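# Inside the fold
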Amino acid sequence: MSRVHVQARINGEETEFLCEPRQSLLEVLRDVLMLTGSKEGCNNGNCGACNVILDGRLVNSCLVLGVEAQGKDIQTIEGLATPDRLHPLQQQFLEHAALQCGICTPGFIVAAKALLDKNPHPTEPQVRHWLAGNLCRCTGYDKIVRAVLSAADAVRDGR
Amino acid sequence: MSESTAYKVIGTRPIRHDGLDKVTGRAIYGADVQMVGLLYGKILRSPHAHARIRKIDTSRALALPGVKAVTTHQDLPSLDDKIADLGEAVVNMRYMSNNILAEGKVLYKGHAVAAVAATSPHIAEEALALIDVEYEVLPPVMDVLDAMNERAPLVLEDLKTSSIGQKGDRPSNVASHFQHKLGDPEKGFAEADVVIDREFHTATVHQGYIEPHNATALYSPDGHLTVWCSTQGAFAVRSQLAEILQMPIATVKVVPPALGGGFGGTMTY
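Residues numbered from 1 in each chain as written. Chains lettered and ligands numbered in written order. Predicted model: local features only at pLDDT ≥ 70, side-chain atom pairs only at ≥ 80, totals over all residues.

A separate point is helix α2 (residues 88-95) of chain A. Residue and element names in this part refer to chain A. Within α2, six of the eight residues are buried, which leaves the element mostly enclosed by the surrounding structure. Residues of α2 that are buried include every one of P88, L89, Q90, Q91, Q92 and F93, and no others. Looking one or two places after α2, you find A97, whose phi comes out positive at around 50 degrees. (Buried ≥ 20, exposed ≤ 12 C-beta atoms within 10 Å, placed from the backbone. Helix = DSSP H or I, 4+ residues; strand = E, 2+ residues; numbered from the N terminus.)

Turning to the domain arrangement of chain A, a few remarks are in order. All names here are of chain A. Taken domain by domain, chain A holds domain 1 (4-78) and domain 2 (88-156). Just the C-alpha atoms count here: the centres of domain 1 and domain 2 sit 21 Å apart. Contacts between the two partners involve 16 residues from domain 1, matched on the other side by 13 residues from domain 2. No other element matches strand β3 (residues 51-54), which puts three residues into the side of domain 1 that touches domain 2. Split by residue class, the side of domain 1 that touches domain 2 holds seven nonpolar, eight polar and one charged. (Domains from an automatic or database assignment. Contact = placed C-beta atoms within 7 Å. Nonpolar A, V, L, I, M, F, W, Y, C, P; charged D, E, K, R; others polar.)

Before going further, it helps to spend a moment on the domain arrangement of chain B. As far as domains go, chain B holds domain 1 (32-140 + 212-255) and domain 2 (144-179). Its C-alpha centre places domain 1 of chain B at a distance of 27 Å from the equivalent point of domain 2 of chain B.

What follows covers unusual backbone geometry. All names here are of chain A. In this structure, N11 takes a positive phi of about 50 degrees despite not being glycine. You can call N11 partly exposed: it has 16 C-beta atoms within 10 Å. We note that D55 has phi near 50 degrees; this positive angle belongs to a residue other than glycine. As for its placement among the helices and strands, D55 is situated in the loop between β3 and β4 (57-60). D55 sits in the exposed class, given 12 other C-beta atoms within 10 Å.

The next point concerns the interface of chain B and chain A. Between chain B and chain A, the residue contacts involve 23 residues of the former and 29 residues of the latter. Top element by residues in the side of chain B that touches chain A is helix α1 (residues 19-24) of chain B. It accounts for four residues. Partitioning the side of chain B that touches chain A into residue classes produces nine nonpolar, eight polar and six charged.

Structural data, given as structure tokens:
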């Protein structure tokens, strides 16, 4: 099958890749661009492990085609930390022990990033409602919610 | 400060050692293992709960560009009944091998019948549709109580019940009969004020970890096999691979990467 040339901005870098029209954005990220931080859990939009931010909107990358990325801005888990500093969400997930096996963690952190980008001071119900599209089977959700609220405080305080 | 701060560990909030890799997406799970020339596998599964496999024709699938191999049970070594203790359970290796790729019969809907390796998962999936399997559909056994009926269709035609050290004299769907005994239960019941006798049924359940089962294998021309797979029991997987593939165990290496949950459900593979 012939491949399509796609240009997109991924984690701030202008990126070009070739993909088959039938490949999902998740496949492109993982298998073409080697950005394996986005995870495949269900591959049908239920678990949120493949969450990325596409032009400011939170999406399940397993439900987006790679060719749809043309001209778009994409943020993945790999783009959150700088070489010398974690994103406050990453730091708070660590400090609140909001992860165990970690397979859902990139999706949760990216989803939470999309929330804080829109609403820097969410209430606890808002956080819980926003994260309803992400499944975790190890920690339960409480520590994750606390980590997100704490990260919102950290962003506000400039920590 | 409380006195507990005098302890090195108690009262502290340590950050887990694998945490940094997991919050940055750097942790390598089984499906994240990448290598040059990586092929993708897909499995053709039985649509029938019980059927005899009359014929498998893989030629059309093999002819599809991008398909590198199509395997069926014929490609696995033929194993005699060998009972192996694999840590959590004692298993008959022949049954285990037949469960990986069905030999002769399929025993449940979803039983693996053939496997394809191709240059992309999409090509592998297309190839599955090109494998021709001829089944002779047999009456299924759908319920455990029905299965114990003497006139039930036999699932494993050579299985005889093992009962407290003895083997039954004819085939049965009952694999084993065991007893735990302590004291005199009849006397206890006779003396009890109330005896409650009920039967309970539950659905079959399986652990709900998020990471799908996965494995990446590298076979070298020197006869060594390395497997990266989602497992809670790397040594059990190594033993099983060595037995099923009939390879010396020293030539098989199993690497457990980060594991996306398991809760006991990924104990072996």
